[in-house]
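This is what each chain is made of:
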Amino acid sequence: MDFLDVFMPVVWFVILALFLLLYVILDGFDLGVGILSLTSPSEQQRTLLMASLGSIWDANETWLVLMGGALFGAFPLAYGTILKALYGPIYLMILGLILRAVAFEFRENAINKRPWNLTFGIGSLLAAASQGICLGTVLSGLPTDVDGHFIGSPWIWFNGSSLVVALTLIQGYVLIGSTYLILKTSGELQQLHVRTARLAAATTLGGALLITVTSPFVSETLRARLFDPAFLPFFVLLPLLGIALIVQLFRSLAMGQEVWPFVYTVLLFVLSFAGLGVMVFPAIIPPSITIFEASSSVTSMVFMLTFIGVLIPIMLFYNIYNYIAFRGKVDIELDKA
Amino acid sequence: MDWLADTLVLSRLQFALTAIFHMLWPVLSTGLAIFLVILEALWLRTQNPLYYRQARFWARLYVLNFGIGVASGLPMEFQFGTNWAPLSEFVGDFFGAVLGFEGAMAFMLEAGFLGIMLFGWNRVPPVIHFLSTVMVAFGANLSVFWILSANSWLQTPAGGSFSQGHFHVENYFTAINNPFMLRSVLHMSLATVETSMLVVAAISAWSLLAGKAEAFFSFSFRLALVVLLVVAPLQVLAGHESGLQVAEHQPTKLAAMEALWENHAAGEAPPWTVIAAPDENGGRNRWAVGLPGGLSWILEGRPRLSQDVRGLNSWPADQRPRMVGLIFYAFRLMAGIGIAVTALMGLTVLLWWRTGLTPAFFRRQAWLSWCWILAAPAGYLAIESGWIVRCVGRQPWTVYGQLRTSEAASQLPAQEVLLSLSGFTVLYATLLLFALVFGARIIRQGPDLTLEPPTGPVRGPLPLPTD
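Under an unreviewed UniProt entry, the name given to chain B is Cytochrome ubiquinol oxidase subunit I, and the organism recorded is Cyanobium gracile UHCC 0139.

The name recorded for chain A in an unreviewed UniProt entry is Cytochrome d ubiquinol oxidase subunit II, from Cyanobium gracile UHCC 0139. Note on chain A: under the UniProt heading Subcellular location (unreviewed entry), the record states "Cell membrane". Quoted verbatim from the Sequence similarities (unreviewed entry) field of UniProt, the annotation for chain A is "Belongs to the cytochrome ubiquinol oxidase subunit 2 family."

Structure representation (structure tokens):
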């Protein structure tokens, strides 16, 4: 194989991982706030929660669209195989995302806000749960024929280990959503979400431990990778760093810090993500189809890289500008007027 | 009810349903965005609060519409993987890349600046706010470009070769700039602006008829009319050009659009069929009303054909589209609405010149208001009809001449697709209903005429200079 035949699929694997990571962090707190809105004690507080997302939810969701397009272009085989295998959860996720998006706009104009509050919260929960199911199913492996076409059952995603991943991801989203709200709100509402953050940190930790312990039993390939001597230092270091971050997170919550809980949570997401990435690489359809088998042509990947690669820093720039423009506590009066 | 157990039929129905529903929303997201740019430019230039209030009022409709557009766009992208996995594999090299570009260039731009456009009036300096509105409009219109380029490529694949079940791109620019691209992008962009202006004009006409906020809606009606003065005639021209490119590149679609069953040789002067009752099984029209000698005038602008025109019967049944009646009438509906709207625009401009189009005139001439109120749904109908002609007329191919729709579909259990199709049907019917209810509420409430423009310094030190 030529250098580019090896290099370009790896580059696109990294770009896809970046898009997915950005999505999981950004829409993660977005969906987390949506789930938390189900517990808001008053309409006023719920309005604040939703206002904290007003200027950003759409851009956050766009990282998913971008990830989909990039996967389609760079690894068409994986796009077809994975989405077809996950038919059920993909449509449930879409349903959840549609419900929460329209609830956002309809609630604004509705006199009776309750049905839309419920739609928003349940849509967020459904989207998060479906994403967890998708993640869990892909990690535990999709049976394919030699050409990489899915040959498993349409119910492959319906099992215990995917459910554990889904529940953990929901907890993770609630955690990052809570720490985001600590950043964006004050007073009683902020205190409420310090408590939800603590709770969610504990349950996320539990879920992560459960996934780590059970994953060697779920998939042979994952087991082989975990106990591969070449990766041993990485898989020893990872949990140690994770524990350090969790400790720091609890400390910063106890100290009443506003920014650090969010930062530590983001770092925890990055860390878990790095772990998952190293576990599956170079598979794009675990367990057996690699990025080299599923990739589009080198010319296609080079062409996409010249266009999309240049745009990545630009996209990051104006997204960051958006966050800077709306920085600080939620201020409904200022943004409405 | 065999089709209930036919995955291919169900997947096609689902794509049709989700595409028809999705298409309702990007119309305003792209067309009305341009209107908002014009309004904000006027506001920045003149500092007249009227323009500021205009921008804020129309933005309320814009945002209601926008959320549904984003959400209903998701199944469009993901369906290529779930229901059309063989297609994804076949054309991923090009088609996937283009969807990726659309995400990175268009959607993200639109989404990244939308927050500032809607909520940032007191957060950023006026110039930055204006630039954000421009970026939203630019992003939305870029996505028209990419989607139409991708769809045009399905109509006239170019820029590479097909082998071993894959399309291999040799030249990306040729593929993007395929034969259908330019005229299709133009036709669709004009359609979104035209229909958006029809929506503005309809809401303005209704409010004037009801005697609401007369100065406000007189202005928006006239501004929409001025834009239509340019756009509507151009669209008739662009539509005609699009028809000619079909004649050149997709003879089966042309034959279905015109319900032509028999061949016509060069030198003949066949009629142009106005209405007909196509009989697909018999391979003929049961009856037809035509303009004598009309076809050569429409296709070539001359009294006799200079080239052969093929009829549907000259292709084997599995090489030409079915549902000829649908294609035939959808085309007439679209073209008829385009021409009727242009005539209505011309008449109203004439009345403006003669009478000044005062609010009192609107109340006296209720018929005029009603024509404009009906023109808005007609605009949407024309767009949907156009897509039906374009995509049903392309059948039996998904990639024209290269990949059959039957080969492009995923092998899935039919119940699974039936379930998602039923879900979309119920969900979308409900969403449409509520969107209309809330849209009507915004229109009835009307603009806030006491809204004061932002004054004084924007909040806090900004990361960019505040000129």
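### Brief notes about the overall build of chain B
A tally of helices and strands in chain B yields 15 helices and six strands. At 24 Å, chain B has a C-alpha radius of gyration in line with the 23 Å of a compact globule built from 467 residues. Taking the principal axes of the C-alpha coordinates as reference, chain B spans close to 70 × 50 × 45 Å. Per-residue burial over chain B gives 50% buried out of 467 residues. Taking as baseline every contact in chain B between residues at least 6 positions apart, the subset at least 24 positions apart corresponds to 76%.

### Observations regarding the interface of chain A and chain B
Contacts between the two partners involve 54 residues from chain A, matched on the other side by 59 residues from chain B. When residues of the side of chain A that touches chain B are traced back to their parent elements, those giving at least two are α3 (57-74), α4 (76-85), α5 (87-109), α13 (298-325) and α14 (332-336) of chain A.

### Some details on the pairing of strand β2 (residues 166-169) of chain B
All names here are of chain B. The alternating pattern of β2 places Phe-167 and Val-169 on a buried face and His-166 and His-168 on a face that is not buried. When strand β1 (residues 160-163) meets β2, the two strands line up antiparallel, connected through four bridges. Residue pairing for β2: Ser-161 is matched across the bridge by His-168. Between β1 and β2, which pair antiparallel in sequence order, lie two residues; one of them, Gln-164, sits at a positive phi of approximately 50 degrees.

### With respect to helix α2 (residues 43-51) of chain A
For α2 of chain A, the set of buried residues is Arg-46, Leu-48, Leu-49 and Met-50 of chain A. For α2 of chain A, the secondary structure elements touched by its buried residues are α1 (3-37), α5, α6 (114-140), α7 (160-184), α8 (187-218) and α14 of chain A.

### With respect to the environment of Tyr-62 of chain B
Residue and element names in this part refer to chain B. Following the sequence through the fold, Tyr-62 ends up in helix α3 (residues 49-82). Classification of Tyr-62 as buried rests on a count of 21 C-beta atoms within 10 Å. What Tyr-62 contacts, discounting residues up to four positions off in sequence, is Leu-28, Leu-32 and Leu-36.

### Side note on the packing of helix α8 (residues 214-249) of chain B against helix α11 (residues 324-355) of chain B
All names here are of chain B. Between α8 and α11, whose axes approach to 9 Å, the crossing angle comes to 145 degrees. The chirality of how α8 crosses α11 is left-handed. Listed contacts from α11 to Leu-225, Leu-228, Leu-229, Ala-232, Pro-233, Gln-235, Val-236 and Gly-239 of α8 are Ala-335, Gly-338, Ile-339, Val-341, Thr-342, Met-345, Thr-348 and Val-349. The residue inventory of the contact of α8 with α11, partitioned by class, reads 11 nonpolar, five polar and no charged.

### Topic: the environment of Ile-203 of chain B
Inspection of the secondary structure assignment puts Ile-203 of chain B in helix α7 (residues 181-209). Accessibility expressed as a C-beta count within 10 Å gives 25 for Ile-203 of chain B, which makes it buried.

### Things to note about the confidence of the model for chain B
All names here are of chain B. Per-chain confidence: chain B averages 92 in pLDDT, with 97% of residues scoring 70 or above. Mean pLDDT across the elements of chain B bottoms out in helix α12 (residues 359-364) (84) and peaks in α7 (96). Under a pLDDT of 50 for its full length, residues 460-467 has, in the predicted model, six contacts with residues more than four places off or in other chains. Both scores are given for the predicted complex: the pTM is 0.92, the ipTM 0.90.

Reading the values: the criteria
Residues numbered from 1 in each chain as written. Chains lettered and ligands numbered in written order. Predicted model: local features only at pLDDT ≥ 70, side-chain atom pairs only at ≥ 80, totals over all residues. UniProt positions renumbered as here; feature names shortened; annotations may be inferred. Helix = DSSP H or I, 4+ residues; strand = E, 2+ residues; numbered from the N terminus. Rg over C-alpha atoms; globule rule 2.2 N^0.38 Å. Buried ≥ 20, exposed ≤ 12 C-beta atoms within 10 Å, placed from the backbone. Contact = placed C-beta atoms within 7 Å. Pairing = 2+ DSSP bridges. Axes fitted to C-alpha atoms, helices over the stretch in contact; angles between N-to-C directions. Left-handed = near helix turned anticlockwise from the far one by under 90°. Nonpolar A, V, L, I, M, F, W, Y, C, P; charged D, E, K, R; others polar. pLDDT = per-residue confidence, 0-100.

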